[in-house]
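Chain and residue survey
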Amino acid sequence: MPGTEKAFYLTTPIYYVNDAPHIGHAYTTTAGDVLTRWHRQRGEKVWFLTGVDEHGQKVMRTAEANGVAPQEWADRLVESAWLPVLETIDAVNDDFIRTTSTRHTERVQKFLQGLKDKGEIYEGSYDGPYCVGCEEFKLPGDLLDGEGEYAGQKVCPIHGKPVETVSETNWFFRLSAYGDALLAHYEANPLAVQPQSAHNEVTSFLRGGLTDLSISRSTFDWGIPVPWDPSQVVYVWFDALLNYATAVGLGDEPGTPGAEQFAATWPADVHLVGKDILRFHAVIWPAMLMAAGLALPGQVFAHGWLLVGGEKMSKSKLTGIAPSQIVDHFGSDAFRYYFLRAIQFGSDGSFSWEDMSARYTSELANGLGNLASRAPAMVAKYRDGLLPEPTAYGEAEETLQALLVATVATADECMLRLDFAGGLGAMKSFVDAVNLYVTEQAPWALAKDPANDERLSTVLYTICESLRAIAVLHHAVMPKATASLWEQIGAEASLGPIGAQVVTDAGRWGQLPVGTTITKGAILFPRLEETAD
Ligand code: ME8
């Protein structure tokens, strides 16, 4: 649990447990894991939350269709699918919230009662379309005309399925009262919603004006009871959004551990979401916080969709690919690397096995992997596995050292603004430059003439020291391969654990001590033909 210093607090959406995760869910969690690992390696205090959303009609109906109670269904999916996927993709979250946990339900009820007492909630009647896939009340203008089997009906543009009509008396939140304040907030803080396209979408939506939001349902009971009216359950999104705050102690009495954690964590620095749920996070959520007098999050970042055949990959359309299908073949490091490197974070992107194989081979096996296996082999051959002392650095070394300093600065700047592709691109350019350096300096040719002995030492040191920096820079994205590389270049023994290396210090030359034992270890990225089924 964080202490008194405010932690860098990052959240992912909490995912519906109606089905098992596909790579779209793993994509968001991977990005969150990489960003929090990066911040940790900057020496910051960090809190990384993920979890699951268990209420609502979508989960309830799936459970019914499978002949089990919703709670049993949720328990089953969490244990068999949602917790294991974190291990599959090598994510190290600090907490995992479930919306059926007591810590969540009790704090939600307390929050809701607080809003009611302040006059932010009133009774009204709702009559309009609802998409169970989105768990969202829709405006008639949001809908499309159905085709084929749905001809003559109105369908949800995201799910392509007919919407249902809800006609109920329920409790409403005065959302419309916060439109102007939200717009002013985003105009004054353009980084509060990113990327720019998301910022534009939210501000133009706000300019259109807001209507009050129905926040309870009376026709089913799978949800958190409204504290003053147990005939109703809390609308699933109102319940779900609060997870970000309930997980860190929302509303606990001063002096309790919950209150301390809240003070050390709130507000969230980044809420990572897919663009499908941008409005919930950038409109409803901050309005709820404003109504309660709580600080607003630093940023909502909406990334794009993974597409299959040009459409959003989805559980309901059966186009989902399980993360393990990719990880079993390429490994978790390559999974993490590929999705952040190949798709500009914030834009849509298509996954294809061909593209993934091509990048794996060129950038990981041939690029970084080849460099990592050549260096220990050469130090073993020419220096009995002991890192030699560099003597005079020449122009080639000075150029490389300067490039490294620039690479660290660019990578840090890109990662902090969630431009993962930009950060990894800068790192790749450095790996390429070191590979070129090896080819141009040709240690194997230098080794032929004892007169070049000092020069050979300088070249070997330069390659290994470059690998040290490469390992530190790539650690947040590829924790396993870089930990293995770290061992191979003897850095674990001399410099300590790789996770404790400060990434912004990676460009300081000369950290790997002369005399370090370099050992050839496992190949970091085996060639695909060696692992192909
Ligand atoms: O919306 N491409 O849960 P959910 C990229 N419970 N990302 C994708 C994706 C795709 N094709 N498909 C899913 C919910 N995602 C709510 C959230 S938060 C308070 C409540 C990712 O299971 C992306 O992050 O439908 C998207 O926003 C999220 O999964 C939706 O997950």
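- As named in an unreviewed UniProt entry, the protein is Methionine--tRNA ligase, taken from Longivirga aurantiaca.
- UniProt, in its Function (unreviewed entry) section for the protein, records the words "Is required not only for elongation of protein synthesis but also for the initiation of all mRNA translation through initiator tRNA(fMet) aminoacylation."
- Taken from UniProt, the Sequence similarities (unreviewed entry) comment for the protein reads in full: "Belongs to the class-I aminoacyl-tRNA synthetase family. MetG type 2A subfamily."

Some remarks on the sheet that holds strand S1 (residues 8-16)
- The strand order S3-S2-S1-S14-S15-S9 describes an open sheet built from 6 strands, whose pairing is parallel. Unpaired on one side and paired on the other, strand S3 (95-98) and strand S9 (193-194) mark the two borders of the sheet.
- Bridge count for strand S2 (residues 46-53) against S3 is 4 bridges, and the pairing is parallel. Bridge pairing in S3 links Thr 50 to Phe 96.
- Of the strands in this sheet, S1, S2, strand S14 (270-274) and strand S15 (299-303) touch helix H1 (residues 23-41), which is tilted by about 165° from S1.

Comments concerning the pairing of strand S4 (residues 121-131)
- Looking at chain direction, S4 and strand S8 (residues 164-173) are connected through 10 bridges and run antiparallel. The partner of Ile 121 across the bridge, within S8, is Phe 173.
- In this sheet, strand S5 (residues 136-137) lies alongside S4 in antiparallel orientation, the contact comprising 2 bridges. Note on S5: the bridge partner recorded for Cys 131 is Glu 136.
- Linkage of S4 to S5, two consecutive antiparallel strands, is achieved through a turn of 4 residues, within which Glu 135 is found at a positive phi near 55°.

Quick word on helix H14 (residues 395-416)
- Its 22 residues place the ends of H14 32 Å apart at the C-alpha level, agreeing with the 32 Å of an ideal helix rising 1.5 Å per residue.
- When H14 is considered as a whole, its buried residues turn out to be Glu 397, Leu 400, Leu 404, Thr 407, Val 408, Ala 411 and Met 415. For H14, the buried positions fall inside an angular range of 100° around the axis, keeping them on one side. Opposite the packed face of H14, turned more than 90 degrees from it, sit the exposed residues Glu 395, Glu 398, Thr 399 and Ala 402.
- Contacts made by the buried residues of H14 are with H1, helix H15 (420-441) and helix H17 (453-474).
- Phi turns positive, to about 60°, at Leu 418, one or two residues after H14.

What about the site of the ligand?
- Every one of the 20 residues lining the ligand counts as a neighbour, but Tyr 15, Gly 24, Thr 28, Asp 53 and Gly 274 are closest to it.
- Among the elements of the structure, S1, H1, helix H7 (236-241) and S14 are those that each provide at least two residues to the shell around the ligand.
- For the shell around the ligand, a count of residues per class yields 12 nonpolar, 5 polar and 3 charged.

Examining the nonpolar core
- One finds Val 234, Leu 241, Ile 284, Leu 340, Cys 464, Leu 467 and Leu 473 to be the most contacted residues of the largest nonpolar core, which totals 149 residues.
- The dominant element in this core, judged by the number of residues it contributes, is H17, at 12 residues.
- Here Cys 464 is in contact with Ala 375, Val 379, Leu 387, Ile 489, Leu 512 and Ile 518, once residues within four sequence places are set aside.

Considering the sheet that holds S5
- Spatially, 4 strands are ordered S5-S4-S8-S10 in an open sheet, and the strand pairing comes out antiparallel. Strands with a single pairing partner mark the edges of an open sheet, and in this sheet they are S5 and strand S10 (213-214).

Let's talk about the packing of helix H6 (residues 196-207) against helix H10 (residues 278-292)
- At a minimum axis separation of 11 Å, H6 and H10 run at an interaxial angle of 50°. Relative to H10, the element H6 lies oblique. Relative to H10, H6 is oriented so that their crossing is right-handed. Note on element contacts: H10 touches H6 through Leu 278, Arg 279, Ala 282 and Val 283, opposite Ala 198, Glu 201, Val 202, Phe 205 and Leu 206.
- Residue composition of the contact of H6 with H10, grouped by class: 7 nonpolar, no polar and 2 charged.

Digging into the environment of Thr 265
- Tracing the chain through its elements places Thr 265 in helix H9 (residues 257-265).
- On the neighbour-count criterion, Thr 265 (25 C-beta atoms within 10 Å) is buried.
- Residues Thr 265 and Leu 206 lie 59 residues apart in sequence; the distance between their C-alpha atoms is 28 Å.

Definitions and cut-offs
- Residues numbered from 1 in each chain as written.
- Predicted model: local features only at pLDDT ≥ 70, side-chain atom pairs only at ≥ 80, totals over all residues.
- UniProt positions renumbered as here; feature names shortened; annotations may be inferred.
- Pairing = 2+ DSSP bridges.
- Helix = DSSP H or I, 4+ residues; strand = E, 2+ residues; numbered from the N terminus.
- Contact = placed C-beta atoms within 7 Å.
- Axes fitted to C-alpha atoms, helices over the stretch in contact; angles between N-to-C directions.
- Expected span 1.5 Å × (residues − 1).
- Buried ≥ 20, exposed ≤ 12 C-beta atoms within 10 Å, placed from the backbone.
- Arc of directions from axis to C-beta.
- Near = placed C-beta within 6 Å.
- Nonpolar A, V, L, I, M, F, W, Y, C, P; charged D, E, K, R; others polar.
- Core = buried A, V, L, I, M, F, W, Y, C linked by C-beta atoms within 7 Å.
- Parallel < 35°, antiparallel > 145°, perpendicular 65-115°, else oblique.
- Left-handed = near helix turned anticlockwise from the far one by under 90°.

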